[in-house]
Amino acid sequence: MYYGGGAKPAYGGKSPMYYGSRPYGQYGQYGSYGTYGGNAPHAGDDGSIVGTITLSRILRVVSQRWLSVFVFLLIGIIVAFAVYRISPTIYEARSEFTMDMRRSSSGGRSMNAIDQAMVDYGSDYAEIFNTRLSDWRSDKIVAMITQEYRSSHPAATDSDDEIMSALSGSKLELQRHSRIITITVRSKSPKLAAGLANAYASAIEAFTDEENKARCDKAVQQIHGNVEKKRREVEKIAKQLLEFRTANKVDNLRSSRDTAQQSLTQMTTEILRVEAEETQLGEWEKMLADLQNDPESFGSIPTDSARAAEIANEYKHFLDASTDYAKLQLTFTDNHPDVLAKGQELAMAKKRFLDAVARALQSCRSTLKVTRNRLASLRAKYDELKNDLASYSQRVVFAESSLGILEADFAVANHMLEDLIMGENKARLDAEANNEIVRVGRPANVPTKPVLPNPLVIFGAGIVLSLALGFLFVLVVDNIEDTVVNLADIEGRLALKVLAVFPHVRRKNREQVAKFVVEDKYSSFAEAVAGFRNLLDSPRYEAMAQCLLVISTQPGEGKTITSTSVAISYAQTGRKVLHVDFDLRRPRLARVWDIELTEAKSFSHALQNAGGQKPDFASLVTPSSVPNLDVICSLPPDGVTPTSIFGSSIVSDFFEWARANYDRIIVDAPPFGVVGDVVSLAVQVDSVIIMCCPDRTHFKPIQYCARSLTEAGANILGVIVNDVEVSSAAAFSPNARHGYGYGYGYGYGRYGGYYRSSKKRRTGDGDNPAPETASATDGPPSAAPAEPAAPKRVANEEFTDEE
């Protein structure tokens, strides 16, 4: 019961024997053994749901699932046709008007009164157009368009909503390198579209004429105001000239003037200082008042201001609450409890912030009031001193200066007045020549052909989007499955050589499958095993084939049957072979070879009870029913974890003894990743062979296995693809690379891939139950072994052409 319970017996056994309480379909969950570092098998190689996107993968997936892409294409065409049928018919009408901007220039750096009155819309027509566009889309223009349309089409029955809907989609475009502006209006009614386009152009022309008139009046009015101002100035100088005629003595006034000047200087300094304080307080008051109306406009405040720290602290709380509330609104609806709670928190933060602002505003206003009162008092004193100083200075200057200076000033002012009067008269003449001229050019005609819906755009977009969604769908499905499908997946994606392909054998239990090589030496399965054996006997692999470790990444991939078949095949050649059961947690070889095993002959108990001493390994050997083949079997150890056994030096002593006494040692190991025993064994043997089952083995476990063993220093020869169902017509999928295998009548036939059997359960490792009923193998023979792999191959290393 150590391995958990199950509903069905394992390969003909009567007791449930699973690796944990969960099935083995997902490699990230193995019951009592735990996981080995991978996430869910649905993640792509790059962590995305689509997986790594390459051209070869896209071609492979699309060729395998072209029907899904075709279905998406049909759906896209159908949807595009439906959109085309239900889309309303839209007509487009276009009218044109021309725009001209003229400016009167003045010499020097100054501008005349008309240039000052004219609005600068830009230096070229593109800038002018972009600037005027907002005016031409204003509510006033819309009202003028509607009025113009109603007056020119009194019999029209179009509602205001229809007119507004058509105008909301209208466009104004400046034709390139020209002064022509095109108005485009779209509507379901062709007459409405043409009428509104013409009304739009007429409304813009009338609007521009009104602006020109108002602008000219404003320009002349400005110049007239300057004339009146200068006239009042001349009158004032004349009055002063009259007053200066009164002569006064200055000897008695100079002392009083100097004293008044010093007092005035001091008063001016004090007034400037108080005015600076008033200005600062006024700005602070304005900012606080603005904050009460718009808390979002808060920026920085002077640190020496009243209650500045309190306002900054409350604004920080308000800003944090506002940010959290905005994030929740992006995630949830407005009625979500979290959003409502955060909204209340935001309101309270805003209220506290506004209360702090109100208190600061009250303090500021009180201080400002005191400052203004003080400033008023200073200004009153300043005015008194100024008046005294002016009186003294005036009397002194009048006495010392000549009346001719005042008369000269009067003459200059009078001459300037005459110039302004002449400029006013000229402005009245130039005003009409300084206008923006807009005139209707080509009126719009009633369109006869609709512009929407456009079948090319709709059907093109439907096809493109459907194909894109189809490609995305098949890539996502392919990435979610994450299982080995063909040889290209192994050799291309995993960069591991496929050493052999073993066909599916229909037998009732594992014992029959394991000894199938003995029962039928000429079967396709036996031939495939023999081909793999010959590959290992080749000069390239012979030095690395004395001690082989057969592993799998998950239970049920056929490592026990494969190791047994390879051991039998070697024994049939006359070599002395040792088959060792190193799956100490779940030993299976005793039942495969039908051996009644005791603790005295148990390999695991011998290792457990060694106590640091080298046991007699020869006493653990049990001859099998196959000549030249010895077996060392195990029982589950008692009280000691297999991890502690594998970490001892006894394992190295055993392999040293086995190499000295046998030609070939075949080791049956526990699944990699389920436990960590495989890494300890992999560095003791010559080579490691990884098992793989189509549509069952996942990529991530093999990638993790190859990387971990390579980093530990193990020598990975390659992969054996097990449990392959070969059809009579096309054994492999179309995307797999072509290989050669035995055909009917033991001739050679070409095929290119493999596929899964339609049976729910097939022959595999000793870790998964077999079907209760099956027939004998009568299908075509298996594939011969693939090309040999280079020694010490890294999982993602590229193969050379020679390899």
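Rules used throughout
- Residues numbered from 1 in each chain as written.
- Predicted model: local features only at pLDDT ≥ 70, side-chain atom pairs only at ≥ 80, totals over all residues.
- Heavy atoms only, no water.
- Salt bridge = Lys/Arg side-chain N within 4 Å of Asp/Glu carboxyl O.
- Helix = DSSP H or I, 4+ residues; strand = E, 2+ residues; numbered from the N terminus.
- Pairing = 2+ DSSP bridges.
- Contact = heavy atoms within 4.5 Å.
- Axes fitted to C-alpha atoms, helices over the stretch in contact; angles between N-to-C directions.
- Expected span 1.5 Å × (residues − 1).
- Buried < 20%, exposed > 50% of the residue type's maximum accessible area, 1.4 Å probe, protein only.
- Phe/Tyr/Trp six-rings, centres within 6.5 Å; stacked < 30°, edge-to-face > 60°.
- Lys NZ or Arg CZ within 6 Å of the ring centre and 35° of its normal.
- Disulfide = S-S within 2.5 Å.

Draft legend 1. Region of interest: the pattern of salt bridges. Applying the stated rule across the entire model yields 27 salt bridges. Of the charged contacts in the structure, one is a salt bridge between Asp209 and Arg439, with a shortest N-O distance of 3.6 Å. A residue pair is termed long-range when its members are at least 10 positions apart, and Asp209 in helix α7 (residues 190-243) and Arg439 in strand β4 (residues 436-440) qualify at 230 residues. For Glu233, the salt bridge identified is with Lys230, shortest N-O distance 3.0 Å. Of this pair, Glu233 and Lys230 both sit in helix α7, three residues apart, which is roughly one turn of that helix. Taken together, the shared-partner salt bridges in this structure form one network comprising Glu270, Arg273, Glu277 and Arg374.

Draft legend 2. Structural detail: the sheet that holds strand β10 (residues 664-668). Within the open sheet, the eight strands sit side by side as β5-β12-β11-β6-β10-β7-β9-β8. Their pairing is mixed. Strands at the two margins of the open sheet, each flanked by one partner only, are β5 (498-503) and β8 (622-623). In terms of strand pairing, strand β7 (residues 577-581) meets β10 through five bridges, oriented parallel. The residue of β10 that forms the bridge with Val577 is Arg664. Helix α16 (residues 524-537) contacts β5, β6 (547-551), β10, β11 (687-692) and β12 (716-724) of the sheet and is inclined by roughly 165 degrees relative to β5. Contacting β5, β6, β7, β9 (629-632), β10, β11 and β12, helix α17 (residues 559-572) crosses the sheet at an angle of about 165 degrees to β10.

Draft legend 3. Focus on helix α23 (residues 699-712). With 14 residues, α23 ought to run about 20 Å at 1.5 Å a step, and its terminal C-alpha atoms sit 20 Å apart, in line with that. Along α23, the residues classified as buried are Phe699, Pro701, Ile702, Cys705, Ala706, Ser708 and Leu709. Within two residues after α23, Gly713 carries a phi angle of roughly 100 degrees, on the positive side.

Draft legend 4. Here's a closer look at the packing of aromatic side chains. Using the criterion set out here, one finds 16 aromatic pairs in the structure. Taking 5.8 Å as the distance between ring centres and 70 degrees as the angle between the ring planes, the aromatic pair formed by Phe582 and Phe654 counts as edge-to-face. Of this pair, Phe582 sits in the loop between β7 and α18 (589-592) while Phe654 sits in helix α21 (residues 650-661); the two residues are 72 residues apart in sequence, bridging distant segments of the chain. Both residues of the pair, Phe582 and Phe654, belong to the buried class. Taken together, the ring pairs connect Phe582, Phe603, Phe617, Phe654, Phe655, Trp657 and Tyr662 into an aromatic cluster. One cation-aromatic arrangement involves Lys576 over Tyr662; the distance from NZ or CZ to the ring centre is 5.0 Å.

Draft legend 5. Examining the state of the cysteines more closely. Evaluated as defined, the whole model comprises zero disulfides. Lacking any disulfide linkage, Cys693 is separated from the closest cysteine sulfur, that of Cys692, by 6.7 Å.

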